[in-house]
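Working through the structure, step by step
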Amino acid sequence: MAKYDVTFDYFHGYESEQFAFYRIPKVLFTDDYFRNLSSDAKVLYGLMLDRMALSMKNRWIDEENRVYIIFSLEQVMMYMNCGRDKGMKTLAELDTKKGIGLIERVKQGFGKPDVIYVKSFVMKEKPEPVPEPEPEG
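Since this is a predicted model, take the numbers as computed values, not measurements.

Moving on, we come to the sheet that holds strand 1 (residues 69–70). The strand order across the open sheet formed by three strands is 1-3-2, and the pairing between neighbours is antiparallel. The open sheet terminates on both sides in strands that have one partner only, identified here as strand 1 and strand 2 (103–106). The pairing of strand 2 with strand 3 (residues 115–118) spans four bridges and is antiparallel. Bridge pairing in strand 3 places Glu-104 opposite Tyr-117.

Here you go:
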């Protein structure tokens, strides 16, 4: 990491409350289910959760009342300070098709960014399948 001739001052009094922060759900770090998710993917998920507020403000809601975001690969690369391959890998970690399932990406067409549905990190138990009754015979 590059060193610069910079010093950082201390927070005093109420100064510590004046900044906005990204929030990353604690469960992503504490639950075994998320153990293999990279720190980059956890941070990206936190960024996407933050983007949800903007989507609500802009009324980006589909016909099923699901909020979605637009978060292009270029934006991922900028926010995460990474290259294209790393950005795609990090998105894939979160995706329903290749990853853990915290986001679902829907293609819009050539040249347009994907619509992304950010899913809740709260896990629901899948219901047990009900066995078919055996035919009487």
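Moving on to the environment of Tyr-14. Inspection of the secondary structure assignment puts Tyr-14 in the segment before helix 1 (27–30). Owing to a relative accessible area of 69%, Tyr-14 belongs among the exposed residues under this scheme. Counting along the chain gives 96 residues from Tyr-14 to Phe-110, while the straight-line C-alpha distance between them is 49 Å.

Two numbers describe a pair of packed helices, the interaxial angle and the distance between the axes. Between helix 2 (residues 39–57) and helix 4 (residues 84–94), whose axes approach to 9 Å, the crossing angle comes to 75°. When the axes of helix 2 and helix 4 are compared, the pair comes out roughly perpendicular. Side by side, helix 2 and helix 4 meet where Asp-40, Ala-41, Leu-44, Tyr-45 and Met-48 of the first sit next to Lys-86, Thr-90, Leu-91, Glu-93 and Leu-94 of the second. Here the contact of helix 2 with helix 4 is built from residues that sort into six nonpolar, one polar and three charged.

A word on a nonpolar patch on the surface. Where nonpolar side chains cluster on the molecular surface, the patch consists of Tyr-4, Val-6 and Phe-8 and spans about 440 Å² of accessible area. Its location among the elements puts Tyr-4 in the segment before helix 1.

By size, the foremost hydrophobic cluster in this structure holds 21 residues, and its most contacted members are Leu-44, Met-48, Phe-71, Leu-94 and Val-118. Every element with two or more residues in this core is listed here: helix 2, helix 3 (73–80), helix 4 and strand 3. A total of six residues in this core trace back to one element, the largest contributor, which is helix 2. Those residues in contact with Met-48 that sit more than four places away from it in its chain are Ile-69, Phe-71, Leu-91, Leu-94, Ile-103, Ile-116 and Val-118.

Cut-offs used in this document
Residues numbered from 1 in each chain as written. Predicted model: local features only at pLDDT ≥ 70, side-chain atom pairs only at ≥ 80, totals over all residues. Heavy atoms only, no water. Pairing = 2+ DSSP bridges. Helix = DSSP H or I, 4+ residues; strand = E, 2+ residues; numbered from the N terminus. Buried < 20%, exposed > 50% of the residue type's maximum accessible area, 1.4 Å probe, protein only. Axes fitted to C-alpha atoms, helices over the stretch in contact; angles between N-to-C directions. Parallel < 35°, antiparallel > 145°, perpendicular 65-115°, else oblique. Contact = heavy atoms within 4.5 Å. Nonpolar A, V, L, I, M, F, W, Y, C, P; charged D, E, K, R; others polar. Patch = residues over 30% accessible without salt bridge, like charges linked within 9 Å, V, L, I, M, F, W, Y side chains within 5 Å. Areas by Shrake-Rupley, 256 points an atom, 1.4 Å probe, with all protein chains shown as cover. Salt bridge = Lys/Arg side-chain N within 4 Å of Asp/Glu carboxyl O. Core = buried A, V, L, I, M, F, W, Y, C linked by side-chain atoms within 4.5 Å.

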